[in-house]
Amino acid sequence: MHELGLCDALLRMVKDISVKEELTQVEKITLEIGELSGVVPAYMSDCWTAVVDGTPFQNTALVIESVPGVARCLDCEEEFRIDLKSMRCPFCQSDKLMPISGQDMTLKEIEAC
Ligand SMILES: [Zn+2]
């Protein structure tokens, strides 16, 4: 389960930003998780709760927004939302797909009071 490592990295990132921006209390962070990133949002929430426990960020809420996985078919050039189960082009059934979005996990927003 690599979500724990990701949450550690995320916490470090949030710490760095809050020091740099001189934030006293971070209320909420918003994380975008791509459908193709392989990161499971529910695991991220659980791990976040675990890594922030006992830190100044233990009351910081983690909000997760899912980003759809979009790909282009290399055979027919159509763009579509990827069906994660089939991983095939819905137009020509080709499996030569090039992902366009939804591969990353990004820290979108930090809200502080
Ligand atoms: Zn196609």
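Rules used throughout
Residues numbered from 1 in each chain as written. Predicted model: local features only at pLDDT ≥ 70, side-chain atom pairs only at ≥ 80, totals over all residues. Helix = DSSP H or I, 4+ residues; strand = E, 2+ residues; numbered from the N terminus. Rg over C-alpha atoms; globule rule 2.2 N^0.38 Å. Buried ≥ 20, exposed ≤ 12 C-beta atoms within 10 Å, placed from the backbone. Contact = placed C-beta atoms within 7 Å. Expected span 1.5 Å × (residues − 1). Arc of directions from axis to C-beta.

1. Quick notes on the overall build of the protein
Secondary structure assignment for the protein yields 2 helices and 6 strands. Reading the protein from its N end, one meets helices and strands in the order α-β-α-β-β-β-β-β. On C-alpha atoms alone, the protein measures out to a radius of gyration of 17 Å, which is more than a quarter above the 13 Å that the 2.2 N^0.38 rule sets for 113 residues. Here the protein, with 113 residues, has 19% of them falling under the buried criterion. Here the analysis covers contacts within the protein between residues at least 6 apart in sequence; of these, 67% occur between residues at least 24 apart.

2. Considering helix H1 (residues 3–20)
The end-to-end C-alpha separation of H1 is 25 Å, in line with the 26 Å expected for 18 residues at 1.5 Å each. Buried residues of H1: Glu3, Leu6, Cys7, Leu10 and Val14, and no others. Seen along its axis, H1 keeps its buried residues to an arc of 95 degrees; they face one direction. Away from its buried face by more than 90 degrees, H1 exposes Gly5, Arg12, Asp16, Val19 and Lys20. Two residues or fewer after H1 comes glutamate 22, characterised by a positive phi angle close to 55 degrees.

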